[in-house]
Amino acid sequence: MSVTGIMRRRTLQNLPMWAARWQLVRHKSSRPVNTVIMFVPQQEAWVIERMGKFNMILEPGLNFLLPVVDKVKYVQSLKEIAIDIPQQSAITVDNVTLNIDGVLYLRVFDPYKASYGVEDPEYAITQLAQTTMRSEIGKVPLDTVFRERELLNTAIVAAVNNAALAWGITCLRYEIRDMKLPSRIAEAMQMQVEAERKKRAAILESEGIREAAINVAEGDKQADILASEGEKIKQINQAAGEANAILAKAVARAKGLQAVAESLRNSDGMNAASLNVAEQYVKAFGSIAKETNTVIVPSNAADISGMVAQALAVYQNLAQSRTSGQGPEGSLPSKPAESGKRAS
């Protein structure tokens, strides 16, 4: 790219091809004049022709030329240069028209090829970048253009480098700067985005409701489990208390009976037993009279002494039968003989 050939841009958009080319034509300015002693600036290459034929390329620094016969034909800049790619229309694979512009970054690596390989390197590179961009966009759908812009840039750079190798120019990178969609397509994409957001909001709301229901059910489950465990422990404790109470009553009853037995062995034991039987007798009749209107009494209910004597006789018979019927190994007592007389 010659220093004297930097493009003059015109602030016009959507120009026809012949008018757009004016943005890329190199401005013809005066080249360095042969003064025999030449000082070449850094990052520049001067192409020298001797009698109209290529002779050499001057490197940066001090150089000497022959007067009259040597001439500086081209001045190439070895710096990286950014070129604006004009806006153009391209059609995607799903028939959507896009208006795209970009920026191309390139550098001259062979001044000889850049000078003699192509007439106008800037214009050639720009046209190649535009056609390659249209070709690459025509291979992908609209969604891929937005999602994989980096892949498009890489593909355009590779295609440009393959063609520009013979021109002594290398393309470093290409960047899509702006993409404009038709108004209807833009509105449809906006509606799609809004629908997608509403969908996500509905999904999140439903997931929140589901999580809340799960948490409530889990809480109820844990509450029921804890309540059942509490009821189980309560029943176990209650059963243990009742068993202890029964055992305590049985022990107390046994001790009471043992005390009664000890008392009956005394001389006044029979008198005490007679008094206790008489009291129980009177108390039982009193209870019967309170609970029901129908009372069954023996024929000699007034003979309390006879009833007490009869009860004591029954007790003595049971005690004698147990004493006589108990074996040496503690077997059950034998069945007492039936009495011939039945109490009336």
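The following paragraphs examine the structure supplied in this document. Source: prediction; values computed, not measured. Starting afresh in each chain, residues are numbered from 1 along the sequence in its written order. Owing to the predicted nature of the model, reporting of local features is limited to residues with pLDDT of at least 70; listing and counting of side-chain atom pairs is limited to 80 or more, with chain, interface and lining totals taken over all residues. Note: side-chain values were computed over all heavy atoms of the structure, leaving out hydrogens and water.

1. Considering the overall build of the protein
Right, so step 1: Helix and strand definitions follow DSSP, with helices as H or I runs of at least four residues and strands as E runs of at least two, each counted in order from the N terminus. Helices and strands together make up the secondary structure of the protein, namely eight helices and eight strands.
Right, so step 2: Relative accessible area decides the class of each residue, using a 1.4 Å probe on protein chains only: under 20% of the type maximum gives buried, over 50% gives exposed, and in between gives partly exposed. For the protein, the proportion of its 344 residues judged to be buried stands at 25%.
Right, so step 3: Taking the intrachain contacts of the protein between residues at least 6 apart in sequence as the baseline, contacts between residues at least 24 apart amount to 65%.
Right, so step 4: Calculation of accessible area relied on Shrake-Rupley with a 1.4 Å probe; when residues are assessed, cover is drawn exclusively from the protein chains displayed. Summing over all exposed atoms, the protein offers an accessible surface of approximately 23600 Å²; the carbon and sulfur share of this is 57%. Any two residues having at least one pair of non-hydrogen atoms within 4.5 Å are treated as being in contact.

2. As for the sheet that holds strand 3 (residues 53-58)
Right, so step 1: Strands are labelled as partners when DSSP assigns at least two bridges between them. As summarised here, the arrangement of the three strands in space is 3-2-5, forming an open sheet in which the pairing is antiparallel. Of all the strands in the sheet, just strand 3 and strand 5 (70-77) have a single pairing partner and so form its edges. Across the sheet, the mean angle separating the axes of adjacent strands is 30° when strand polarity is ignored.
Right, so step 2: Of the strand pairs in this sheet, strand 2 (residues 44-50) and strand 3 are connected by five bridges, and their pairing is antiparallel. Fitted lines through C-alpha atoms serve as axes, helices being fitted only where they are in contact, and the angles separating the N-to-C directions of these axes extend from 0 to 180 degrees.

3. With respect to the sheet that holds strand 6 (residues 81-91)
Right, so step 1: As summarised here, the arrangement of the three strands in space is 6-7-8, forming an open sheet in which the pairing is antiparallel. Edge strands, defined here as strands with exactly one partner in the open sheet, are strand 6 and strand 8 (169-180). Recorded for the sheet is a direction-independent mean angle of 25° between the axes of neighbouring strands.
Right, so step 2: Relative to strand 8, strand 7 (residues 97-108) runs antiparallel, the two being bridged by 10 bridges. Directly across from Leu106, in strand 8, lies its bridge partner Cys171.

4. A few points about the environment of Val36
Right, so step 1: Position of Val36 relative to the elements: it lies in the loop between helix 1 (17-20) and strand 1 (37-40).
Right, so step 2: Between the C-alpha atoms of Val36 and Val68, which are 32 residues apart in sequence, the distance is 9.2 Å.

5. With respect to the pattern of salt bridges
Right, so step 1: In what follows, salt bridge is the name for a side-chain nitrogen of Lys or Arg lying within 4 Å of a carboxyl oxygen of Asp or Glu. Inspection of every chain in the model, using the stated rule, returns eight salt bridges.
Right, so step 2: Arg50 is the partner of Asp70 in a salt bridge, and the nearest nitrogen-oxygen pair spans 2.5 Å. Here Asp70 is found in strand 5, whereas its partner Arg50 is found in strand 2, with 20 residues between them in sequence.
Right, so step 3: Looking at Arg50, the relative accessible area reads 30%, which means it is partly exposed.
Right, so step 4: Measuring nitrogen to oxygen at the nearest pair gives 3.6 Å for the salt bridge that ties Arg200 to Glu196. Here Arg200 and its partner Glu196 are both found in helix 6 (residues 183-264), four residues apart, which amounts to about one turn of the helix.
Right, so step 5: The exposure class of Glu196 is partly exposed, given its relative accessible area of 36%.

6. A look at the nonpolar core
Right, so step 1: Residues Leu98, Leu104, Ile125, Ile137, Trp167 and Tyr174 are the most contacted members of the largest nonpolar core, which totals 32 residues.
Right, so step 2: Contributing elements (two or more residues each) for this core: strand 6, strand 7, helix 3 (121-137), helix 4 (142-147), helix 5 (149-164) and strand 8.
Right, so step 3: Ranked by residues supplied to this core, first place goes to helix 3 with six residues.
Right, so step 4: With sequence-adjacent residues up to four places away left out, Trp167 is seen in contact with Lys113, Ala114, Gly117, Val118, Ala124, Ile125 and Leu128. In this description, a nonpolar core means a group of buried Ala, Val, Leu, Ile, Met, Phe, Trp, Tyr and Cys residues linked to one another through side-chain atoms lying within 4.5 Å.

7. Looking at the packing of helix 3 against helix 5
To describe two helices that pack against each other, one gives the angle between their axes and the distance between the axes.
Right, so step 1: Running from amino to carboxyl end, helix 3 crosses helix 5 at an angle of 135°, the nearest separation of the two axes being 9 Å. Classed by the angle they form, the pair helix 3 and helix 5 counts as oblique. In this structure, helix 3 meets helix 5 at a crossing whose hand is right-handed. Judged by residue contacts, Ile125, Leu128, Ala129, Thr132, Met133, Glu136 and Ile137 of helix 3 engage Leu152, Ala155, Ile156, Ala159, Val160, Ala163 and Ala164 from helix 5.
Right, so step 2: By the convention adopted, Pro, Cys, Tyr, Trp, Phe, Met, Ile, Leu, Val and Ala count as nonpolar, Lys, Arg, Asp and Glu as charged, and the other residues, Gly among them, as polar. Here the contact of helix 3 with helix 5 is composed, by residue class, of 12 nonpolar, one polar and one charged. Any angle that falls under 35 degrees is termed roughly parallel, while one over 145 is termed roughly antiparallel, one within 65 to 115 roughly perpendicular, and all others oblique. Should the near helix be turned anticlockwise from the far one by less than a right angle, the crossing is termed left-handed; should it be turned clockwise, right-handed.

8. Considerations on the packing of aromatic side chains
Right, so step 1: To pair, rings of Phe, Tyr and Trp, with the six-membered ring standing in for Trp, must have centres within 6.5 Å; the planes then decide the type, stacked if under 30 degrees apart, edge-to-face if over 60, and tilted in the middle. Taken as a whole, this structure holds four aromatic pairs when the rule is applied.
Right, so step 2: Considering the side-chain rings of Tyr112 and Tyr116, the 5.1 Å spacing of their centres and the 45° angle between planes classify their relative orientation as tilted. Placement of the pair is Tyr112 and Tyr116 together in helix 2 (residues 111-116), with a separation of four residues, close to one helical turn.
Right, so step 3: The class for Tyr116 is partly exposed, based on a relative accessible area of 33%.
Right, so step 4: A network of ring pairs unites the aromatic residues Phe54, Tyr74, Tyr112 and Tyr116 as a single cluster.
Right, so step 5: When the ring centre of Tyr105 is taken as reference, the NZ or CZ atom of Arg173 above it lies at 4.3 Å. For a lysine, the NZ atom is tested; for an arginine, the CZ atom; a charge sits over a ring if that atom is within 6 Å of the ring centre and within 35 degrees of the ring normal.

9. What about helix 3?
Right, so step 1: In this scheme, a helix's expected span is set at 1.5 Å multiplied by one less than its residue total. An ideal rise of 1.5 Å per residue puts 24 Å on 17 residues; helix 3 measures up with 24 Å between its terminal C-alpha atoms.
Right, so step 2: Within helix 3, 14 of the 17 residues are buried, which leaves the element mostly enclosed by the surrounding structure.

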